[in-house]
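Chain by chain, the residues run as shown.
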Amino acid sequence: MTLLSKRLQAVYQMVDKNTRVADIGSDHAYLPVELLETNIASFAIAGEVAKGPMSRSKADVEKFGLSEKIDVRLGDGLAVINEDDKVDTVVIAGMGGILIKDILSRATEEQLSNVKTLILQPNIGEPLVRHWLADNNFKIVDEDIVAEEHHVYEIIKAQKVNEPVNLTEAQYLMGPVLMQKKTPTFIAKWEHKLNSFKKAVANMHNAKVIDQEKIAAMNQDIKYIEEIL
Ligand code: SAM
């Protein structure tokens, strides 16, 4: 039986076989445990900044007899990774886009030196994450979207490339791969957003002080969403 929620199962599906993974902000270490139990990863670091979750992770890893293959480390972001670890895949899941971008921005060249793949699951603020990826030569190669307990989660997989990465504004907003896949969950998410954006624009027009810039930005997003849907 899997330990993983539907959201973490979707993250798990993005990890390639025979990888060395760092799960940053691992909390319970369910993802590394599942990756090692099913022989997807050959080694994993469960990185955690908080002592409580880190102890919980350690206990889970020991319970599954995986202490040889999963290193639970206390530390901030990618600071838990050394060059010798040869980590090629970094997962950051279950946090806001601002925090994910902040963690990635503070990573040093050494910490990222072997990293080929990033698998990111922001709970909110996906466009910020896509901007960081494009600005740092990571090309989005896969995306997924899942609904769980009244929330919709997007998962973004990106690989390091040598050429510049450019996305359109619509792609930053909605995801280049998700726009192609157009799953029912994607359509439901953006139909819901479209309605709330239209209501917000109507309310802004009725406000005492009309913020034309904000209205224009929201109308632009409405146009992108309508085009894609
Ligand atoms: N990744 C798991 C998941 O998706 O279910 C756990 C998500 S949990 C909501 C976020 C975890 O990230 C918390 O345990 C928190 O302590 C940890 N965290 C927050 N900022 C961090 C940082 N800068 N470095 C490492 N861990 C961090």
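Scroll up a little and you will see the structure.
In this report, the structure presented in the accompanying data block is examined. In this text, all values refer to a predicted model and were calculated from it rather than measured experimentally. One numbering rule holds for all chains: residues counted from 1, following each sequence as written. The predicted nature of this model means local features are confined to residues of pLDDT at least 70 and side-chain atom pairs, given and counted, to a pLDDT of 80 or more, with totals for whole chains, interfaces and linings taken over all residues. Working from all heavy atoms in the structure, the side-chain values ignore hydrogens and water.

### Some words on the packing of aromatic side chains
Part 1: Planes of paired rings set the category: under 30 degrees apart is stacked, over 60 is edge-to-face and the rest tilted, where pairs are Phe, Tyr or Trp rings (Trp by its six-membered ring) whose centres lie within 6.5 Å. A full pass over the atoms with the stated rule returns two aromatic pairs.
Part 2: A centroid spacing of 6.0 Å and a plane angle of 25° characterise the contact between W132 and F138, whose relative ring orientation is stacked.
Part 3: In this analysis the charged atom, NZ for Lys or CZ for Arg, is taken to sit over a ring once it is within 6 Å of the ring centre and within 35 degrees of the ring normal. Directly above the aromatic system of Y153 lies the positively charged group of R7, at a separation of 5.6 Å from the ring centroid.

### What to know about the side chain of D23
Part 1: A run of H or I in DSSP counts as a helix once it spans at least four residues, and a run of E counts as a strand once it spans at least two, with each numbered from the N terminus. Position of D23 among the secondary structure elements: in strand β1 (residues 19–24).
Part 2: N or O atoms closer than or at 3.5 Å make up a polar contact, with two conditions inside protein: a donor-capable atom paired with an acceptor-capable one, and, for residues adjacent in sequence, both atoms drawn from side chains. Engagement of the side chain of D23 in a polar contact is seen with the side chain of S26, the distance being 2.8 Å.
Part 3: Contacts are assigned to residue pairs that have any heavy atoms within 4.5 Å of one another. If sequence neighbours within four positions are ignored, D23 has contacts with L31, P32, I45, A46, G47 and V91.

### A closer look at the nonpolar core
Part 1: The nonpolar core is taken to be a set of buried Ala, Val, Leu, Ile, Met, Phe, Trp, Tyr and Cys residues, with the residues joined through side-chain atoms within 4.5 Å. Remark: exposure states derive from per-residue accessible area (1.4 Å probe, protein chains only) relative to the maximum for the residue type, with buried under 20%, exposed over 50%, and partly exposed in between. Counting 31 residues, the largest nonpolar core has I24, L78, V90, I92, L118, L120 and L133 as the members making the most contacts within it.
Part 2: Elements with a contribution of two residues or more to this core: β1, β2 (41–48), β4 (89–95), α4 (97–105), β5 (117–122), α6 (126–135), β6 (138–148) and β7 (151–160).
Part 3: Broken down by element, the residue count for this core peaks at four residues, all from α6.
Part 4: With residues up to four places along the chain from it excluded, the contact list for V90 reads A22, I24, L78, I81, V115, T117, L118 and I119.
Part 5: Ranked by size, the runner-up nonpolar core spans 28 residues in total, among them Y12, V21, L35 and V146.

### Comments concerning the layout of surface pockets
Part 1: In this model, the largest pocket occupies a volume close to 400 Å³.
Part 2: Both site types are read off a 1 Å grid over the protein atoms alone. A 1.4 Å probe that fits but cannot get out defines a cavity, while an open set with protein on both sides within 12 Å along at least five of seven lines defines a pocket; lining residues have an atom within 4 Å of a point. Lining the largest pocket are 17 residues, with I124, E126, V152, K189 and K193 positioned closest to its centre.
Part 3: For the lining of the largest pocket, the secondary structure elements donating two or more residues are α6, β7 and α9 (184–206).
Part 4: Classifying every residue of the lining of the largest pocket gives seven nonpolar, five polar and five charged.
Part 5: Computed from the structure, the second largest pocket encloses a volume of approximately 300 Å³.
Part 6: Lining of the second largest pocket is provided by 21 residues; of these, I24, G25, S26, A93 and M95 occupy positions nearest its centre.
Part 7: At the level of elements, α1 (6–13), β1, β2, β4 and α4 are the ones that each hand at least two residues to the lining of the second largest pocket.
Part 8: For the lining of the second largest pocket, the element with the most residues is β4, which contributes four residues.
Part 9: Each residue receives one of three labels: charged for Asp, Glu, Lys and Arg, nonpolar for Ala, Val, Leu, Ile, Met, Phe, Trp, Tyr, Cys and Pro, and polar for the others, Gly being one of them. Of the residues contributing to the lining of the second largest pocket, the split by class is nine nonpolar, seven polar and five charged. Grid points are joined across faces, edges and corners, and a volume is the space filled by probe spheres set on the points.

### Digging into the site of the ligand
Part 1: Whether a residue is near a molecule or strand depends on its heavy atoms: if one lies within 4 Å, it is near. Inspection of the region around the ligand gives 18 residues, with R7, G25, E48, D76 and G77 positioned closest.
Part 2: Here A93 contributes a backbone N or O atom positioned 3.0 Å from a nitrogen atom of the ligand.
Part 3: Protein contacts shield 80% of the accessible area of the ligand, which totals 600 Å² for the unbound molecule.
Part 4: In this description, a molecule resides in a pocket or cavity if more than half of its atoms sit within 2 Å of the grid points defining it. The pocket occupied by the ligand, as judged from atoms lying within 2 Å of grid points, is the second largest pocket.
Part 5: Looking at the shell around the ligand, the elements that each hand over two or more residues are α1, β4 and α4.
Part 6: Top element by residues in the shell around the ligand is β4. It accounts for three residues.
Part 7: Residue composition of the shell around the ligand, grouped by class: eight nonpolar, six polar and four charged. Calculation of accessible area relied on Shrake-Rupley with a 1.4 Å probe; when residues are assessed, cover is drawn exclusively from the protein chains displayed.

### Considering the sheet that holds β6
Part 1: In this description, strands pair whenever DSSP reports at least two bridges between them. Taken in spatial order, the seven strands of this open sheet run β3-β2-β1-β4-β5-β7-β6, and their pairing is mixed. Each having just a single partner strand, β3 (70–74) and β6 make up the two edges of the open sheet. For this sheet, the mean angle separating the axes of adjacent strands, direction not counted, is 15°.
Part 2: As defined by bridge partners, β6 adjoins β7 across 10 bridges and the pair is classed as antiparallel. Bridging from a neighbouring strand, K139 pairs with Q159 of β7.
Part 3: For every element, the axis is a line fit to its C-alpha atoms; helices are fit only across the contacting stretch, and the angle between N-to-C directions ranges from 0 to 180 degrees. Lying over the sheet, α9 contacts β6 and β7, oriented at roughly 80° with respect to β6.

### Notes on the packing of α1 against helix α2 (residues 30–37)
The description of two helices packed together rests on the angle between their axes and the distance between the axes.
Part 1: As a packed pair, α1 and α2 sit with axes 11 Å apart at the nearest point and diverge in direction by 50°. With respect to α2, the axis of α1 lies oblique. Crossing of α1 over α2 shows right-handed handedness. Along its contact with α1, which presents L8, V11 and Y12, the element α2 presents L31, E34 and L35.
Part 2: Its residues assigned to classes, the contact of α1 with α2 shows five nonpolar, no polar and one charged. Every angle not falling under 35 degrees, over 145, or within 65 to 115 is termed oblique; those three ranges are roughly parallel, roughly antiparallel and roughly perpendicular. Each crossing gets its handedness from the near helix: less than a right angle anticlockwise from the far helix is left-handed, clockwise is right-handed.

Read these as geometric descriptors, not functional statements.
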